[in-house]
Amino acid sequence: MRTLEVLAPETLEEALALKAHHGTALLPLAGGTDVIPGIRRGAYGAVALLDLSRIPDLNRIVDDGTEIRIGALATHADVVESAIVGAHIPVLSEACGTVGSVQIRSRGTIGGNLCHASPASDSVPALRVLGSVCEIRSSKGTREIPVGDFCISPGVTRVLPADLLVGIRVPKMRPGSRWFYLKLGQRRAMAIAKVSVAFLAAEDGGVLSDVRISLGAVAPTVCGAPRTAACLEGKKLGETVISEAVEMIQTEAKPIADIRSTEEYRREMVGVLLGRGLRGFLE
Amino acid sequence: MKDFKVVGKKVRRVDALGKVTGQARYAADLADPHMLYGAVLRASLSHARVVSIDVSQAVSFPGVEAVLTAADVPGRNRFGTMIPNQRVLADDKVRFRGDGLAVVAARSAREAARALSGIRVQLEPLSAVFSPEEAMKRGAPGIHGKSNIFVHHKVRKGRIADGFRRADVILRRTYTTALIEHAYLEPEAVMARPDGEGGVLVEGCVQNMYTTRRGLSTVLRLPLAKIRVVQTTVGGSFGGKDEVMTVLAARAAMLALRTGRPVQMVNSREESFHESYKRHPYVMEYRIGAKKNGRLTALEVRMVANAGAYATTTPFVVWRSVVQCAGPYVVPHVKADAYGVYTNTVYTGAMRGFGSPQGNFGIELLMDELAGELGMDPLDLRILNGIRTGSRTATGQKLDQPVAFIETLERSARSINWKRRREELDGQPRNARRRKGIGMAASYRGCALGAEGTDAAGAVVSVQTDGSVIVWSGIAEVGQGYYTVIAQITAEVLGVNLADVTVLPYDTAIMSDSGPSVASRSTMLGGTATRRAAGRVRRKMLAEARLILRTKAKSMDLERGWVVSSGGQRRMRIRDLAAACFERGVALFEFGWYKGPDIHWDEQRGRGSPYFTYVYGTNMAEVEVDQETGEVRVLQFVSAHDVGRVVNPQGVLGQIYGGVAMGLGYGLLEEVEEREGRLVTENFDEYLIPTSLDMPQMKAVMVENPDRHGPYGAKSVGEPTTEIAAPAVVNAICHATGQRVRDLPANLERVLLGKKLVRT
């Protein structure tokens, strides 16, 4: 039996004060789907937990006009079920719907998913193509970091010892945007991605612009494919353009090999998923 | 035929309520106010000489009551069935990373874990071997003795050269299977209590109580009578809670006897992955010959099993593989050799199927490849060569019991509409992104232990004075539904309701050694023993009833709680009869014993009749393969099995559905990965088993083919249901893609790229 110290502040200010005082010795606990197994594994050393669940409104999803603000403690299920998310940033609903299982989606949070900084995260590729910004608070004030710069390496983010990630601001997608999130896993539930691709672009008369692509599970962090995105910029979608993009992304991606898959397979699949998503727009 | 009242009827498992309400007591739930917690220090190297283990610091850690090493083993630090070379704690050498070096008992689990860091171990690294290929080489480092090849079994039939001379087509193929984990829900756990008289009581999720007790007796230097093993509810076993439980029980018992206090030991999931034995990975090389018309002429097989660090049941596992190597087919000339080889990896042993899933994977893929070569439908090839009543097997045994193999083939084919479906699917465009395929696999399987050893079991049936009944069996409930089966048999014989029968936990103090709960033998052996015990009680009850009712009528019966006359009139309630028997001094307490028929095996010649009867089965699968990603969806699955007689249809369905799930995991997903003897997959986040969403529509076909040996004709169903799902689904994948996959598991990478990619 293991005993753990758990601090459960009731206000954000209190939580920030505790974090300012204890720093890394205090590990924020949101849904616990990564933190609890990590503690059992001994991955965090001697830490106390900062339970964020009693802080009001930290899980709210709000329409701010041009943006959707998602509280860090919103669960994947909250995101999937949110009408606001569904209407304005559906690529995020799609991605969050592929996380784990009903149980995991009901516990795991969007903020926790970001802070875990897994390259195989499902929410991060979607947040990244959406141009989302992380809201980080400390007792000294608020900072903002784009999702694309938030993760440094697996498990390591730009959150400092006195910081808490409190929310994510997500610009609304323009009407008529083209998007997809495609993921490959070894089984149909409880599957961590072997490869995933998130895509978002504006489209006018079949011509793509502002193309954004994020790749999950191919590098130490979720990454982009800027050359491929640029190659699609201003193009009218057709079989030739798609084939070129597929070929390009297979050269551009520098997949890693790990327990979940191989470099060769991932390289191939990045192209397959991109091609599949793009061809879907033609149907 | 008599109309059964309970046997063959759908009934709820007798142990369902406790499990679904959380009331069932598992070993980790046990507690005692004085208990200590045990922890194990495991090896950090795969192969090393143990130079020294210094526990002097650790003993003075807070809360610590004892720290023991191999030097503290009171008896002989060796156990095992045929080749006893397993250690409770490493003495001379470390042979794999799961080996224990020392154990601690402390007042809390945390203190026990902390004390492990105070143990100083000096190991001298030895060169290690991780694959049988390396281990079999001349000059390879010996793990137990000089040679790492410690098992060789063979089968010889006819003259192999003649067989190949007669062949029009000869095919050579190599297939491999993966190292897999049982993945039972409950990791290993025990509680050991000193009995105050020098003996010990062990409670835990032990699968084979008498085997574990024998191991403890050797290790603790105690007579068997001084060791009592009682089973707690078992959260799944699948063959997996044998040696690993003996190790755990022995360590806990040593600590309990040393400290005089109860000691609980519970493995975490990671510890379970690292320490518990797995299914043997095989490399199987085949050469098969056939006439143009499809008749098989010859089969040559060489199988190599990676046994890991210890012998355990490998001799028997490998033996079953070689005996059943030809599958359910008549082959006039057979030459088969199978080897078990030590390596410095996690040891392998019994797992549901016990050497058959590997061999069936090989022969069933081979049959499909041969059918392709001959331009034949795989079903036709199997029907043509399939065994029938009176056929001779690869070991030369004449099958004199009714053989229902062809029936399983034909009923499966009807169910899935094989011929038409296969033709329809052949018409799909070759390059379609998603392509469907249909595949099959079949098997025959020897029931029970066969020539592995004496096959006998006992049971006690005791009618209480109110007519309720207690049953004890020498065979364990490990999730297979056995207690429900023997409760049904008892209720059938005694004419009482199923609810009146209680099966009490398996306890070495009560029952004579009935062998292990393995080999799909529970119903055949234990069921027959129970039927005999209940039959004895029944005869006593009827004899007393005649005296009480002053009748000489021979045809009285016990039915639905009543003593009834031949005309069906109710004469007396069974509960009143039970009370009367007590008053008249007649004990309704009887023991039943059943020993299976004799069998014969000639190890020198590789021939004989290794099992007294067999079961037969066919699986068919339809899959859809994404040809761009290698994703496989199993769309439908038919599993047909000859079970002899169905005792509990719900139980048979459970075995079939569970067996298919396990077999599909073997086929598509599962692999314990090791790198240089270090386990990479150590929990279910990386070791993937199928989820409910991965399971297809399943259709179970129960073929009844009563056998004279089993109770009411019942045979086996536990293992056959899991041994042919993998080849069926892989054959279906190959039908869909036109590409052969010859290695397990058929995961995305392998299906797409046709090979296992090297990971860097």
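Residues numbered from 1 in each chain as written. Chains lettered and ligands numbered in written order. Predicted model: local features only at pLDDT ≥ 70, side-chain atom pairs only at ≥ 80, totals over all residues. Heavy atoms only, no water.

Some words on the interface of chain A and chain B
Counting residues at the interface gives 24 residues for chain A and 30 residues for chain B. Summing the contributions of chain A and of chain B, the shared interface buries around 2,500 Å²; its carbon and sulfur component is 53%. On inspection of chain A and its partner chain B, the count reaches four salt bridges. Where chain A packs against chain B, one counts ten residue pairs in polar contact (both at pLDDT 80 or more). Of the residues forming the side of chain A that touches chain B, the biggest block, six residues, is contributed by helix H12 (residues 263-282) of chain A. For the side of chain A that touches chain B, the class distribution of residues is ten nonpolar, five polar and nine charged. (Contact = heavy atoms within 4.5 Å. Buried area = accessible area lost by both parts, 1.4 Å probe. Salt bridge = Lys/Arg side-chain N within 4 Å of Asp/Glu carboxyl O. Polar contact = N/O pair within 3.5 Å; in protein donor to acceptor, adjacent residues only side chain to side chain. Helix = DSSP H or I, 4+ residues; strand = E, 2+ residues; numbered from the N terminus. Nonpolar A, V, L, I, M, F, W, Y, C, P; charged D, E, K, R; others polar.)

Observations concerning the side chain of Glu723(B)
Residues and elements named next belong to chain B. Note that Glu 723 resides in helix H17 (residues 720-723). A distance of 2.7 Å separates the side chain of Glu 723 from the side chain of Arg 445, its partner in a polar contact. Residue contacts for Glu 723: discarding those within four places in its chain leaves Ser 356, Pro 357, Asn 360, Ser 443, Tyr 444 and Arg 445.

Here we look at the environment of Ser132(A)
Residues and elements named next belong to chain A. Locating Ser 132 in the fold gives a position in the loop between helix H8 (123-129) and strand S6 (133-138). Judged by its relative accessible area of 2%, Ser 132 is buried. Sequence separation between Ser 132 and Ser 209 is 77 residues; the distance between their C-alpha atoms is 18 Å. Dropping the residues within four chain positions of it, Ser 132 is found in contact with Leu 127, Pro 146, Val 147, Ile 168, Arg 169, Val 170 and Pro 171. Of note is the side chain of Ser 132, whose polar atom sits 2.7 Å from the backbone oxygen of Leu 127. (Buried < 20%, exposed > 50% of the residue type's maximum accessible area, 1.4 Å probe, protein only.)

As for the domain arrangement of chain B
Residue and element names in this part refer to chain B. Each domain of chain B was delimited in the assignment, giving domain 1 (16-23 + 456-595), domain 2 (31-126 + 198-266) and domain 3 (282-450 + 602-753). The C-alpha-based centres of domain 2 and domain 3 are spaced at 37 Å. In this assembly, 17 residues from domain 2 lie in contact with 20 residues from domain 3. For the pair domain 2 and domain 3, the summed buried surface comes to about 1,700 Å²; carbon and sulfur atoms form 57% of the total. Contact with domain 3 buries surface across domain 2, with Phe 96, Arg 97 and Phe 238 losing the most and accounting together for 32% of the total. At the junction of domain 2 and domain 3, the tally comes to zero salt bridges. At the surface where domain 2 touches domain 3, the tally comes to seven residue pairs in polar contact (both at pLDDT 80 or more). The class makeup of the residues in the side of domain 2 that touches domain 3 is five nonpolar, seven polar and five charged. (Domains from an automatic or database assignment.)

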